[in-house]
Amino acid sequence: MSEPTLLNKEIRDWLMDCGLFDQLLPADFVAASGYFSISTIAEGEEIFHEGDAGSFMCIIHTGQVAVQKTNSDGQRVTMATLRSGRAFGEMAVLDGERRSASCVAASNCQLLNLGKDSLEKMLNDAPKIAAKIIRALAVSLSKRLRMADGQLLSQQV
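Residues numbered from 1 in each chain as written. Predicted model: local features only at pLDDT ≥ 70, side-chain atom pairs only at ≥ 80, totals over all residues. Heavy atoms only, no water.

Under the annotation held in an unreviewed UniProt entry, the chain carries the name Cyclic nucleotide-binding domain-containing protein and is attributed to Pseudomonas wuhanensis.

**Examining the layout of surface pockets**
Formally: A cavity here means a set of points on a 1 Å grid, drawn over the protein atoms and nothing else, where a 1.4 Å probe fits but cannot get out; a pocket is an open set with protein on both sides within 12 Å along at least five of seven lines, and a residue lines either one if it has an atom within 4 Å of a point. Grid points are joined across faces, edges and corners, and a volume is the space filled by probe spheres set on the points. Strands here mean DSSP runs of E at least two residues long; helices mean DSSP runs of H or I at least four residues long; both are numbered from the N terminus. Side-chain classes follow a simple rule in which Ala, Val, Leu, Ile, Met, Phe, Trp, Tyr, Cys and Pro form the nonpolar group, Asp, Glu, Lys and Arg form the charged group, and the remainder, Gly included, forms the polar group.
Estimates place the volume of the largest pocket at around 870 Å³. Lining the largest pocket are 28 residues; nearest its centre among them are Val67, Met79, Ala80, Arg144 and Ala148. Mapped by element, the contributors of at least two residues to the lining of the largest pocket are strand 4 (65-70), strand 5 (76-82), strand 6 (87-88), helix 3 (90-95) and helix 5 (127-156). Counted by class, the lining of the largest pocket contains 16 nonpolar, 4 polar and 8 charged residues. As a volume, the second largest pocket reaches approximately 210 Å³. Residue lining of the second largest pocket: Gly19, Leu20, Phe21, Asp22, Gln23, Lys132, Arg135, Ala136, Val139, Ser140 and Lys143, and that is the complete set. Taken together, the residues of the lining of the second largest pocket break down into 4 nonpolar, 3 polar and 4 charged.

**Quick word on the sheet that holds strand 6**
The following threshold applies: Here, any two strands with at least 2 DSSP bridges between them count as paired. Note on contacts: a residue pair qualifies if any of its non-hydrogen atoms lie within 4.5 Å across the two residues. To obtain each axis, a line is fitted to C-alpha atoms, and for helices this fit is confined to the stretch in contact; angles are then taken between N-to-C directions over 0 to 180 degrees.
Pairing in this open sheet of 4 strands is antiparallel, and the strands run 1-8-3-6 from one edge to the other. The open sheet has two edge strands, strand 1 (37-41) and strand 6, and neither has a second partner. Bridge analysis of strand 3 (residues 56-62) against strand 6 gives 2 bridges, and the strand direction is antiparallel. Along strand 6, the bridge assignment pairs isoleucine 59 with alanine 87. Helix 4 (residues 116-125) contacts strand 3 and strand 8 (109-115) of the sheet and is inclined by roughly 55 degrees relative to strand 8.

**Some words on the UniProt feature "domain: Cyclic nucleotide-binding" (unreviewed entry) in the chain**
Rules: UniProt positions are given in the numbering used here, feature names are shortened, and annotations may be inferred rather than shown by experiment.
In the numbering adopted here, UniProt assigns the feature "domain: Cyclic nucleotide-binding" (unreviewed entry) to residues 20-140. What you have in residues 20-140 is 31% helix and 34% strand, and the ends, taken at the C-alpha atoms, are 8 Å apart.

**Regarding the pairing of strand 8**
Heads up, the condition is: Burial classes: relative accessible area under 20% of the type maximum marks a residue as buried, over 50% as exposed, and values in between as partly exposed (1.4 Å probe, protein chains only).
A large share of strand 8 lies buried, amounting to 6 of its 7 residues. Bridge analysis of strand 1 against strand 8 gives 5 bridges, and the strand direction is antiparallel. Paired with serine 39 across the two strands is leucine 111, which belongs to strand 8. Here strand 3 pairs with strand 8 via 6 bridges, running antiparallel. Across the sheet, the residue bridging to isoleucine 60 is leucine 111, located in strand 8.

**Re the packing of aromatic side chains**
Inclusion rule: Note on aromatic contacts: the rings of Phe and Tyr and the six-membered ring of Trp form a pair at centre separations within 6.5 Å, being stacked when their planes are under 30 degrees apart, edge-to-face when over 60 apart, and tilted otherwise. Charges are assigned to positions over rings by a cutoff of 6 Å between ring centre and Lys NZ or Arg CZ, combined with an angular limit of 35 degrees from the ring normal.
According to the stated counting rule, one finds 2 aromatic pairs in the structure shown. Ring centres of phenylalanine 48 and phenylalanine 56 lie 5.9 Å apart, and the angle between their planes is 75 degrees; this geometry places the pair in the edge-to-face category. A residue is classified by how much of its surface remains accessible, and phenylalanine 56, at 24% relative accessible area, is partly exposed. Of the residues examined, phenylalanine 48 reaches a relative accessible area of 7% and is grouped as buried. Among the aromatic residues, those joined into a ring-pair cluster are Phe48, Phe56 and Phe88. Sitting over the face of the ring of phenylalanine 56, arginine 99 holds its NZ or CZ atom 5.0 Å from the ring centroid.

Right, dumping it as structure tokens:
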């Protein structure tokens, strides 16, 4: 394995800090870091648009991201504001469907990005690490679905 670059070390540290991947070993973080990239997004900038094809997912390192959906009147409604450590965009990367919402930087953000192609490459190169990452994303999605179910139920009572 090649020597990690400074960028890969920074990505490794960000992955370790985000809290999503508690099941990864220190060596797993080193290997996974080569598949992620970093982006800086200015406040107000759209990260992706509802209905777009999903080619990447993000994890917030710093800043906040507004998740928005278009209502029946054509107006954008903010459904949630995500903070540091939260992943978004993973549904489209995992299931190949179009984006279910738009995501806009609610403040200046630093993001970790994982492209669909990079995830596929990781599945081929390091399947055990990729499986741990996919499982962590599935657990995160499951928790969010359970919360949404609870919110729907409380609105009906």
